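One letter stands for each residue in the lines below.
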Amino acid sequence: MKNNKANKKIFALLLTGCIAFGACGADAPENANTQDNAKETAEADSPDTEAATDSQQDDAIPPPTGSSASNTTFPSASIGSLFPTPLTETEEEPEETITDNEIHSMVGIITDATAYSVSIQTPDGSHYDLTIPESGVTGNVSYITIGQLATLTYQGSLDESHATLIGISNSQMVTGIYLEEYAFAIKIINAYRAMDLKALSELTHFPVFLETGSFSSVIDTSGEFEAIDNEKIFTEALVTRLANYNLFDLKYTDAGFVMGKGTPSLTFDVDDDGILGVIGINCNPASEATDNN
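Scope of this entry: the structure provided in the associated data block. Keep in mind the model is a prediction, meaning the values are calculated, not measured.

### Considerations on the overall build of the protein chain
For step 1, the next point in the chain: Each helix and strand in the protein chain was counted, giving eight helices and eleven strands.
For step 2, the next point in the chain: Put simply, 56% of the contacts in the protein chain that link residues at least 6 apart link residues at least 24 apart.
For step 3, the next point in the chain: For the protein chain, the exposed area adds up to about 20,100 Å²; of that, 53% sits on carbon and sulfur atoms.

So this is what it looks like as structure tokens:
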């Protein structure tokens with residue numbers, strides 16, 4: 001009887017353990033399913049987690065061999081700074097051109113004139129060239145005369161012939177010399193600049209007095225004059241003086257219109273018929289006390 005009760009107790013305990021064990025076994029699949037669902041939900045919410053993890057693993061830079069990671073310092077630079085962009089060519093900006101738009105005026109003697117430009121000598125002896133624009137200028141430019149004393153209005157810079165003529169008018173300056181004398185002096189200057197003996201001969205009254213240093217003589221005819229060696233008439237000193245002669249220094253003396261003070265010099269005057277011509281040429285070199293004009 002006692003054995004039967006003991007057996008019943010053991011059987012009851014075993015049965016209880018089996019039920020408990022069965023209950024635990026029944027809960028395990030449900031918990032596993034719950035965990036799997038949670039994992040799938042997390043993966044759905046963060047689709048880039050695996051990719052980000054792989055990227056972090058790929059970007060990780062291992063420490064150099066033989067040194068600890070804690071003692072290694074890497075520059076904090078972005079990918080763009082590690083790979084510089086290609087250089088691009090830049091166009092140079094054009095330099096600004098400074099233009100003088102102001103209106104200026106000056107007085108001078110016209111030494112040359114064409115359909116496109118006018119040349120002038122100012123009282124200080126400077127020479128300037130001014131461009132005549134296609135639009136024309138104020139004043140009667142068609143009657144510009146070599147040797148004319150005029151007032152020129154211009155725009156721009158006189159340096160390197162960058163000035164444009166705007167207007168021209170007669171000057172009120174009084175010099176005591178007429179247009180014909182200035183024009184004739186310009187012809188002499190041009191003949192000496194070109195060292196043209198024929199042109200000089202055509203400007204000369206014969207007989208003419210000639211002083212060359214080696215001899216003083218009166219030349220009676222143009223043929224005799226043109227047969228003279230050029231170097232005796234176109235000496236370096238006289239060519240330099242006349243080529244750079246300031247027309248505003250021209251004065252009338254008892255001897256005539258003398259171009260150059262002292263020596264060397266050239267003198268011209270009117271003849272009995274009122275025609276201008278060279279009457280004397282002094283080719284002697286200048287002395288130290290002689291004025292360069």
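Moving on, there is more to tell.
### Considerations on helix α4 (residues 179-194)
For step 1, the next point in the chain: The end-to-end C-alpha distance of α4 is 23 Å, a good match for the 22 Å that 16 residues give at a rise of 1.5 Å each.
For step 2, the next point in the chain: Within α4 the residues assigned to the buried category are Glu181, Tyr182, Ala183, Phe184, Ala185, Ile186, Ile188, Ile189, Ala191 and Tyr192.
For step 3, the next point in the chain: Within two residues after α4, methionine 195 carries a phi angle of roughly 50°, on the positive side.

### A closer look at the side chain of serine 201
For step 1, the next point in the chain: Along the chain, serine 201 falls in helix α5 (residues 197-202).
For step 2, the next point in the chain: Of the polar contacts made by the side chain of serine 201, one reaches the side chain of glutamate 226; its length is 2.9 Å.
For step 3, the next point in the chain: If near-sequence neighbours (up to four positions away) are discounted, serine 201 is found in contact with Phe206, Ser222, Phe225 and Glu226.

### Focus on the sheet that holds strand β5 (residues 162-170)
To summarise the sheet geometry, strands pair through backbone hydrogen bonds and adopt either a parallel or an antiparallel arrangement.
For step 1, the next point in the chain: Here five strands make up a closed barrel; going around it, the order is β1-β2-β3-β5-β4 and the pairing mixed. For this sheet, the mean inter-axis angle between neighbouring strands, taken without regard to orientation, is 55°.
For step 2, the next point in the chain: In the sheet, strand β4 (residues 149-157) pairs with β5 via eight bridges, with the strands oriented antiparallel. In the strand pairing of β5, alanine 150 is matched with asparagine 170.

### Examining the environment of valine 239
For step 1, the next point in the chain: Within the secondary structure, valine 239 sits in helix α8 (residues 236-243).
For step 2, the next point in the chain: Using a relative accessible area of 15% as the deciding quantity, one classes valine 239 as buried.
For step 3, the next point in the chain: In the structure, valine 239 is positioned 47 residues away from tyrosine 192 in sequence and 5.7 Å away in space, judged by C-alpha atoms.
For step 4, the next point in the chain: What valine 239 contacts, discounting residues up to four positions off in sequence, is Tyr192, Met195 and Phe234.

### Examining the environment of alanine 150
For step 1, the next point in the chain: As for its position among the elements, alanine 150 is in strand β4.
For step 2, the next point in the chain: When the C-alpha positions of alanine 150 and serine 169 are compared, they lie 5.7 Å apart, and in sequence the two are 19 residues distant.
For step 3, the next point in the chain: For alanine 150, the contacting residues outside a window of four places in its chain are Met106, Val107, Gly108, Ile110, Ile168, Ser169, Asn170 and Ser171.

Rules of the game
- Positions within a chain are numbered from 1, following the residues in the order the chain's sequence is written.
- For this predicted model, a pLDDT threshold of at least 70 governs which residues receive local features, and a threshold of 80 or more governs which side-chain atom pairs are given and counted, while totals over whole chains, interfaces and linings are taken from all residues.
- Note that water and hydrogens are dropped before the side-chain values are worked out from all heavy atoms of the structure.
- A run of H or I in DSSP counts as a helix once it spans at least four residues, and a run of E counts as a strand once it spans at least two, with each numbered from the N terminus.
- By the convention used here, residues are in contact when the closest approach between their heavy atoms is within 4.5 Å.
- Computed by Shrake-Rupley with a 1.4 Å probe, the accessible areas treat only the displayed protein chains as cover when residues are assessed.
- By this rule the span expected of a helix is its residue count minus one, scaled by 1.5 Å.
- Between buried and exposed lies partly exposed: a residue is buried under 20% and exposed over 50% of the maximum accessible area for its type, with that area taken using a 1.4 Å probe on protein chains only.
- Here a polar contact means two N or O atoms within 3.5 Å. Within protein one must be a hydrogen donor candidate and the other an acceptor candidate, and residues neighboring in sequence count only if both atoms are side-chain atoms.
- We call two strands paired when DSSP finds no fewer than two bridges between them.
- Fitting a line to C-alpha atoms yields each axis, with helices limited to the stretch in contact; the angle taken between N-to-C directions then spans 0 to 180 degrees.

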